[in-house]
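# Chain and residue survey
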Amino acid sequence: MVPPSLGTHFVTRNGDGAKVGPGVGTQPGIVTCPDVSWCHCATVSPSGPLCPGDTPRPWGQSPCHASTGGRVLPCAMLPWLVVALSLCARLGTALPPRRMDTVVQMVEALEAAKDLSLPELARALGSCSTPGCLAVLGDPPAAPLDLPALSPEQRALLTHLLRPDPAAPERGAVLAPDGSTVALAPLLAGVEVGLRRAGGWSGPTPEPPAALDALYAVTLTEVLGMAFLLARARNHSGATLGPDGCWDDVENPQNFTLLGPPSPVPEAVANGALDGVLLGARLAEAPIPLAPLLRSYYGTDNGTASGRPPSSYRRRDFGALMGLKKLEEEVVAMLRLLQVLPPTRGLLEDVGEEEEVAIARQAARDFMETFVECPAIVPRCMWGARPYRGTPKPLSLPLGSVYIHHTFVPSAPCRTFAACTRAMRSMQRFHQDTRGWDDIGYSFVVGSDGYLYQGRGWHWVGAHTRGHNTKGYGVGYVGNFSATLPDPDAIALVRDGLLPCAVRAGWLRHDYTLRGHRQVVNTSCPGDSLFQEIRTWRGFEVGTGFCGICQGWGFGWSEPTEAGAGSVPGLPVGSALLRSEDRPPRALLWVGAGPDGCCQGRILVGTDGGLMGDPSPDGRRTTDTSRTPVQTDRRTAARTDADAARAEPPLETPRAPSWGRPPSPPSPRRRPRTALCRDAAAPPSLPPVHSET
């Protein structure tokens, strides 16, 4: 990142013509240029001329500069500018889609023609123009006047993507098939380091003042260190990391818009840095042509492939390669290099060694928490969400609960960006058009493609758990998990990622409780298998609602009743109507939670008011043998998905309660369960039931 205090002049679009000088535009020291001319950043003295006749060095480069109609650019880049402008004049803004597939096609063309490689071409176009990158990789090669292997449209797109624009680094980004946005500059810089190392390159010369890893230097640590240095210079005001953004059209992406205040390290730059490190390390070990490497890493056809691409594992894989302490050390080494480079020396002249370490520690910790430990959340605009209907109700944060769901329909997990976005749109249509709700009910949805999808998000009341929507977040797994579990990575995405990160960010209380949907609503959600899994998670509350006592007595699930409900007159509010799929006795229970979260000292009665049992202090009960409850048969846990689909009605269609059926006669041959709150078979499968209230 080039600090404006160093006399950097940024070039931006402006229909009023070029204006040069401090204080012009949106920041001090901005150069603005008309129409779609390509933008150049040059370090000059604040009062000195920019062009013509001036030869400032943009971060150490030495090409001459010229001025054409108010546009500032290296002379070697004039042919590329002419191509880009003439093409835009002929086609408007009809450039190839800004997708990784398009980049791979250009790499294939360059490799087939044995022209300049794309990483070298990127540096020739100025993608590596910062002091640290130049110190590590050296002066860039000369830009070719023409590349016959590329079409005019492809050359114009490269000019658009690879031009240096420190004011908006996300502009040099493309959409990957997994739905993530990737900045090309750090990606290609990491690839070049990997290719050099495979050829025997030993590192930068002269050696930097502190030992640093060239791979991390050109991809991540310089931009990260500069971001936090600049935050220090402005008294830590403004963003240092993030945000994510949205494309205008995922099928033909052309324009990318940030979703929040800009920073030197938006998510697109972070993704490019992670990918540059991972692919650079792979190339250093076993060099292969770049085109097949990119295809295998990102997948093909913009997310229509059936499998999950390796790029969706970037956070996990980077975390395994680079620990927090290692990243901190690399940022310190980069800061010490920047301290001796003329363009950045002024920023660090009053920074001592202890403060360098403190800056590096904060930078490394914040980056790892934001882009490695916490999961990526696909924003609503990227899955094609409809607008919210009405006015959303804000949540009172932090919340104290999380409710886990499965969608049931779609019944199959989604493992690609395309499949998951289809599922999100389908669920939103159902919730809005059929249910009549304001929006999709869930707070977040978990795909099996490595990503979470934003539903109502952190701030707004959802429609996921009737009676509890204002108290907690609803997290739904795409799929039917009655008989099978989600993929291990999908489980970890919530258990080890979303929940601790929500606590750290202040969205969720540190002493939150976690429940399955079935524990508070009459439903089988989140499915037998997933429910058994979440029982092992931190925060799971065994004794929620009616303490699970209905299952301890062999009934399937419980429902709260109002005073006088059922066939026992005057039953207190807070009692439960115990239900089973296989029998109708509907024993009623007056429940109360003891200090251990289990039910203690309450009376179990039958539908005719007869005593069935009185819990004793040791958790066992005395039994009136004339009122022995009938046990329910356990359902087979290993049902197939097809069986579950046949047995259950469509998504979120509640099964009508069979009120008023006469109770079945008790069976004296069956003995009652002796443990009041022991584990029992999960309740029978019912579809999820959500509510806007």
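None of these values were measured; they are calculated from a predicted model.

## Examining the packing of aromatic side chains
Applying the stated rule across the entire model yields 10 aromatic pairs. Residues W458 and W507 carry aromatic rings whose centres are separated by 5.7 Å and whose planes lie at 15° to one another, so their mutual orientation is stacked. Of the two residues, W458 is situated in the loop between β13 (452-454) and β14 (472-477) and W507 in the loop between α16 (488-505) and β15 (508-516); the sequence distance between them amounts to 49 residues. Its relative accessible area of 22% is what places W507 among the partly exposed residues. Joined through ring pairs, the aromatic side chains of F444, W458, Y473 and W507 make up one cluster. Here the basic side chain of R308 rests over the ring of Y313, its NZ or CZ set 3.6 Å away from the ring centre. Looking at R518, its charged tip hangs above the ring of F531, at a distance of 4.7 Å from the centre.

## Section: the confidence of the model for the protein chain
Scored by pLDDT, the protein chain comes out at a mean of 73, with 64% of its residues at no less than 70. Confidence drops under pLDDT 50 across residues 1-92; counting only partners more than four residues distant or on other chains, this segment forms 202 contacts. Predicted confidence for residues 543-687 stays below pLDDT 50, and this span has 296 contacts to residues more than four positions away or in other chains.

## Comments concerning the packing of helix α8 (residues 267-285) against helix α9 (residues 290-298)
Put simply, α8 and α9 touch, their axes get as near as 12 Å, and they point 130° apart. With respect to α9, the element α8 is oriented oblique. Between α8 and α9 the crossing geometry is right-handed. Across from D275, L278, L279, R282 and L283 in α8, the residues of α9 making contact are L293, L294, S296, Y297 and Y298. Tallied by class, residues from the contact of α8 with α9 come to seven nonpolar, one polar and two charged.

## With respect to unusual backbone geometry
Note that the residue after T205, namely P206, is joined by a cis bond; omega there is -5°. With respect to the secondary-structure elements, P206 resides in the loop between α6 (184-198) and α7 (214-233). Put simply, L397 and P398 share a cis peptide bond, and its omega is 0°. Mapped onto the secondary structure, P398 falls in the loop between α14 (380-383) and β11 (399-406).

## Focus on the sheet that holds strand β12 (residues 444-446)
The strand order β10-β13-β12-β14-β11-β15 describes an open sheet built from six strands, whose pairing is mixed. Strands at the two margins of the open sheet, each flanked by one partner only, are β10 (377-378) and β15. By the bridge criterion, two bridges tie β10 to β13 in an arrangement that is parallel. Of the residues in β13, the one forming a bridge with V378 is Y453. Against the sheet, helix α15 (residues 417-434) touches β10, β12 and β13, its axis set at about 35° to β13.

## Observations regarding the side chain of D439
Relative to the helices and strands, D439 resides in the loop between α15 and β12. Taking the relative accessible area as the measure of exposure, D439 reaches 1% and is therefore buried. A distance of 2.7 Å separates a polar atom in the side chain of D439 from a polar atom in the side chain of R380. A distance of 2.8 Å separates a polar atom in the side chain of D439 from a polar atom in the side chain of Q428. Beyond its immediate sequence surroundings of up to four residues, D439 is in contact with R380, Y388, Q428, H431, Q432, G455, R456 and E692.

## With respect to α15
Its 18 residues place the ends of α15 25 Å apart at the C-alpha level, agreeing with the 26 Å of an ideal helix rising 1.5 Å per residue. Within the sequence span of α15, burial applies to F417, A418, A419, C420, T421, A423, M424, M427, Q428, H431 and Q432. Elements that come into contact with the buried residues of α15 comprise β10, α14, β12 and β13. Two residues or fewer after α15 comes G436, characterised by a positive phi angle close to 80°.

Rules behind the numbers
- Residues numbered from 1 in each chain as written.
- Predicted model: local features only at pLDDT ≥ 70, side-chain atom pairs only at ≥ 80, totals over all residues.
- Heavy atoms only, no water.
- Phe/Tyr/Trp six-rings, centres within 6.5 Å; stacked < 30°, edge-to-face > 60°.
- Helix = DSSP H or I, 4+ residues; strand = E, 2+ residues; numbered from the N terminus.
- Buried < 20%, exposed > 50% of the residue type's maximum accessible area, 1.4 Å probe, protein only.
- Lys NZ or Arg CZ within 6 Å of the ring centre and 35° of its normal.
- pLDDT = per-residue confidence, 0-100.
- Contact = heavy atoms within 4.5 Å.
- Axes fitted to C-alpha atoms, helices over the stretch in contact; angles between N-to-C directions.
- Parallel < 35°, antiparallel > 145°, perpendicular 65-115°, else oblique.
- Left-handed = near helix turned anticlockwise from the far one by under 90°.
- Nonpolar A, V, L, I, M, F, W, Y, C, P; charged D, E, K, R; others polar.
- Pairing = 2+ DSSP bridges.
- Polar contact = N/O pair within 3.5 Å; in protein donor to acceptor, adjacent residues only side chain to side chain.
- Expected span 1.5 Å × (residues − 1).

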